[in-house]
Amino acid sequence: MLMGARSASLVRAPAASNNVKLSFTFVVLVLLSIISSCSCGGSSDAEALLKFKDSLKNVVALSSWDPSINPKPPCNGNISNWVGLFCLNDKVWGLRLENMGLTGNIDAGSLALMSALRTISLMNNTFVGPLPNIKLLPNLKALFLSYNHFSGNIPDDAFAGLLKLRKLYLANNEFTGKIPSSLATLPILLVLRLDANKFQGQIPDFQHNNLKIINLSNNELEGPIPANLTTFDASSFRGNTRLCGPPLTNRCQATVDETPARMRILKILLIIFMIAFILAILVAVLVIRRVRFRSQSQSQSESESHFKASTFQASNKYVTPTYVKTKSLAEHYDAVPKDHGHGHSKRGEQGKLTFLRHDRLKFDLQDLLRSSAEILGSAAFGSSYKAVVLDGQAVVVKRYKQMNNVPREEFHEHMRRLGNLNHPNLLPLLAYYYRKEEKLLLTSFVDNGCLASNLHGNHNYQKPGLDWPTRLKIIKGVARGLAYLYNALPSVIVPHGHLKSSNVLLDECFEPLLTDYSLSPMINLDHAQQIIMPYKSPEYAQLGRITKKTDVWSLGILILEILTGKFPENYLTHRHNPDSDIASWVNIMITEKRTSDVFDVEMTGIGNSKAELLKLLKIGLSCCEENVERRLDIKEALEQIEDLKEGETDGDQYSSTLITTERDAYRAV
């Protein structure tokens, strides 16, 4: 029996050992499968991105996507190793490939392979053709395709199934046909930008009330605006000559099938309107009589003080100094809201000044309106006034009427962002006043005037023209301030947006102070295209778009204006004209071997600085390069400008060599 028992135990032992081995093998296989599944997620995103890249052209900016150059995976945790990616937990969450000159076909199928992808931005590139098949991306939350050249009709069901889409930007393209009705069915859509296209037909009836921002301006739409969109500002619909109804002022034609009930309502409304109109006339008569009585009594007691107000106009002329009676700002500013200072304004936002600088003297709107003021001039953005408040502090009040398409929250946020800017070559924004129809911006008053008046004004022995060291100091300060704006406002395509000599003020030491900066996002697009500098650049004239280097073009124009003393024609024309701008004139002078005739004859203090002058002239021309790819970027421009000195001891010898080099370099321009 003992032997039998022992034999049985010997038989069972190998079976148990085999079970242990099988269990260990199973655990190893499970672990390997888990590791394999974890590692393949990153590789699938990489494969999808490379497949997407293969569908594009002009992909120089995507060199970090080349595995032979960059062997790292696209994402490590929440950190991206490839340019233009937003990462979350080792997965690609967003693409931001803006301002890269990309073209080709957008392969939505390859993008659909990335399961975590939620946001795509391809703005300000050169894509053409129809809208990509975005129905393949049902989890998409935001799509930004503005400032490209997409065209053609968008299928009516193009957005069907995109139930998570919250933001859609298709502005400044060339789409035609009707607005897809599937857009109106998206349940959580918050922002819709379709402006500056060629959409036709009627606006679809949006079924949900979640929209916060909508812009359909500058298309070819027609018919009545749907009732649930009438609460938006009229600027969201302007530029569509055949649209009608609120919030636009043009009425829709009455239809023949109006019901009697509707006619009765219209009659009642007409009676109410007539009663209100009569009451308004009576109130207006009483107000006019009271104002006349007050003005007559004031004219008997107040002495007339006069001041000189000269304004630099866009036509490069100076208004003859005139003498006018001193007025309060309220008398100049005849459209002050009646509820100022009393706290009864809508949402509590109107009726008060919002101060952005805590280190400056503060005052309320009543103090500002009662202060003595003089008009400084009327520019493209609006009128400017010099007001002296409280203990004699002088401020400049600029009144803007071209910002009424900006939502209140967006305006406040942008003003707070500008208030946080701090650089010795920026004129700080002190305070602002918000009202839907117009805005006020307050800055300090600078006694020495603007660069334009110092360059182009009448000079004499008491006030000579700017010398070379001063001009170089001004250019360096302007470049430093502009470079700071590029770093501080990376999301703004043109961080200054209106750089010209009349927007550069000079303090008592002739240090430059940039003003009117970073306002282009707040200006109505149709008005901005008429007046501000970026829309006079060669890239806008040729391609219909602005780029991150457009402000550098404005800097180049300013450099040439400072060196030559000539007023740029670019200020006057609505579009870039290569036959008349200052850069073309300088190139012609160099080609004709007349370099010495380029520089301003009133510029003294040159000495042995001719070599530095020519270096700066070359920098200015490089900033004005019509080909955006060959144009300097702001970092390169600043580095080259900072290297300049007021003079060189061997300047004459170097000048001769450099003139020959410049002539050969620009002979073919």
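Residues numbered from 1 in each chain as written. Predicted model: local features only at pLDDT ≥ 70, side-chain atom pairs only at ≥ 80, totals over all residues. Heavy atoms only, no water.

### Here's the deal with the environment of L136
Threshold: By definition, any uninterrupted DSSP run of H or I lasting at least four residues is a helix, any uninterrupted run of E lasting at least two residues is a strand, and each is numbered from the N terminus. Categorising residues by exposure relies on relative accessible area from a 1.4 Å probe, with only protein chains included: less than 20% of the type maximum marks a residue as buried, more than 50% marks it as exposed, and the intermediate range marks it as partly exposed. In what follows, residue pairs with any heavy atoms lying within 4.5 Å of each other are defined as contacts.
As for its position among the elements, L136 is in the loop between β8 (128–129) and β9 (142–144). Among the residues examined, L136 registers a relative accessible area of 42% and is labelled partly exposed. When the C-alpha positions of L136 and A108 are compared, they lie 6.6 Å apart, and in sequence the two are 28 residues distant. In this structure, L136 is in contact with A108, G109 and A112, ignoring residues within four places of it in sequence.

### Examining helix α11 (residues 550–564)
Selection rule: To estimate the expected span of a helix, subtract one from its residue number and multiply by 1.5 Å.
Taking 1.5 Å of rise per residue, 15 residues should cover 21 Å, and α11 covers 21 Å from first to last C-alpha, within 8% of that figure. Most of α11 is tucked away: 15 of the 15 residues are buried. At the exit of α11 stands G565, carrying a positive phi of roughly 75 degrees.

### Notes on the sheet that holds strand β16 (residues 220–224)
The pairing of strands in a sheet comes from backbone hydrogen bonds and takes either a parallel or an antiparallel form. Note the cut-off: At least two bridges found by DSSP between two strands is the condition for calling them paired.
Read across the open sheet, the six strands follow the order β8-β10-β12-β14-β16-β17; overall the sheet is parallel. The open sheet is flanked by β8 and β17 (242–244), the only strands paired with a single partner. Pairing analysis gives three bridges linking β16 to β17, with the strands arranged parallel. What sits directly across from E222, in β17, is R242.

### Thoughts on the confidence of the model for the protein chain
A low pLDDT means the predicted coordinates there should not be read in detail. The test is simple: Every residue carries a pLDDT, the predictor's confidence in it, which falls somewhere between 0 and 100.
Confidence in the prediction of the protein chain, expressed as mean pLDDT, is 79, and 76% of residues score 70 or more. Confidence drops under pLDDT 50 across residues 1–18; counting only partners more than four residues distant or on other chains, this segment forms zero contacts. Contacts of residues 649–669 to residues separated by more than four positions or lying in other chains number 29 contacts, the stretch itself having pLDDT below 50.

### What to know about the pattern of salt bridges
Operational definition: A pair is scored as a salt bridge if a Lys or Arg side-chain nitrogen falls within 4 Å of a carboxyl oxygen belonging to Asp or Glu.
Evaluation of the coordinates by the stated rule reveals 15 salt bridges. For E222, the salt bridge identified is with R242, shortest N-O distance 3.4 Å. With E222 in strand β16 and R242 in strand β17, this pair connects stretches of sequence that are 20 residues apart. Here E222 falls in the partly exposed class, since its relative accessible area comes to 30%. Among the ionic pairs, D516 bridges to K398, the shortest N-O distance being 3.1 Å. With D516 in the loop between β28 (512–514) and α9 (525–531) and K398 in strand β24 (residues 393–400), the pair connects residues that are 118 residues apart, well separated along the chain. Each member of the pair, D516 as well as K398, is classed as buried.

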